[in-house]
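Survey of secondary and tertiary structure
Here is how the chains run, residue by residue.
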Amino acid sequence: QVQPVESGGGLVQAGGSLRLSCAASGRTFSGYAMTWARQAPGKERESVAAISWSGHATYYADSVKGRFTISRDNAKNTVYLQMNSLKPEDTAVYYCARRSTSDLINPQWLGPYSWGQGTQVTVSS
């Protein structure tokens, strides 16, 4: 199993920004698409964004489209989620995982991936 490590969460006021990072030692992300998901209190885990290995294809949930940007630096084995114009409803634990393909196929699907421990994002109103 590959278990990423998420970081960058914190407390921010509505309208603010945060940048999350998803990292792993070695080159365990090499060749694979990546995905971000979140889980808010009382809700099931939902897909947020995904990116292909090449970075040429991205996916965003409708709820975050235009506000969040997923990117990756393959040389650093790191995936990022830039979150702008944050809203209280963005409050959740954010998780990252390696997908099973290099391209994005059914990017909203949260497959049997090994998620990290997550990083808490809290947006105050």
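Notes on the structure follow. (Residues numbered from 1 in each chain as written. Predicted model: local features only at pLDDT ≥ 70, side-chain atom pairs only at ≥ 80, totals over all residues. Heavy atoms only, no water.)

Examining the pairing of strand S8 (residues 78-83)
Counted residue by residue, S8 has five buried out of six residues, so it is predominantly covered. Bridge count between strand S3 (residues 18-23) and S8: six bridges; the pairing is antiparallel. Its bridge partner lying in S8, alanine 23 is registered against threonine 78. Linking strand S7 (residues 68-73) to S8, which pair antiparallel, is a turn of four residues; within it asparagine 77 sits at a positive phi near 55°. (Buried < 20%, exposed > 50% of the residue type's maximum accessible area, 1.4 Å probe, protein only. Helix = DSSP H or I, 4+ residues; strand = E, 2+ residues; numbered from the N terminus. Pairing = 2+ DSSP bridges.)

Quick look at the environment of proline 107
In this fold, proline 107 is placed in the loop between strand S9 (92-98) and strand S10 (119-124). Here the alpha-carbon distance between proline 107 and arginine 72, two residues 35 residues apart in the chain, equals 16 Å. Excluding residues within four positions of it along the chain, proline 107 makes contact with Thr35, Ser47, Ala50, Tyr59 and Arg99. (Contact = heavy atoms within 4.5 Å.)

Concerning the state of the cysteines
Per the counting criterion, the structure on display carries one disulfide. Here cysteine 22 pairs with cysteine 96 through a disulfide, and the sulfurs are 2.1 Å apart. Across the S-S bond of cysteine 22 and cysteine 96 the torsion is about -80°, and the bridge reads as left-handed. With cysteine 22 in strand S3 and cysteine 96 in strand S9, this residue pair connects regions lying 74 residues apart in the sequence. Across this residue pair, the class does not change: cysteine 22 and cysteine 96 are buried. (Disulfide = S-S within 2.5 Å.)

Concerning the nonpolar core
The biggest cluster of nonpolar side chains holds 31 residues, and the ones touching the most others in it are Trp36, Leu81, Met83 and Tyr94. For this core, the secondary-structure elements that each account for two or more residues are S3, strand S4 (34-39), strand S5 (46-51), strand S6 (58-60), S7, S8, S9 and S10. The dominant element in this core, judged by the number of residues it contributes, is S5, at four residues. Setting aside residues no more than four positions away along its own chain, methionine 83 makes contact with Gly16, Ser17, Leu18, Leu20, Arg67, Phe68, Tyr94 and Val121. Among the nonpolar cores identified, the runner-up in size contains six residues, and Val93, Tyr95, Ala97 and Trp115 belong to it. (Core = buried A, V, L, I, M, F, W, Y, C linked by side-chain atoms within 4.5 Å.)

Purely geometric numbers; function is a separate question.
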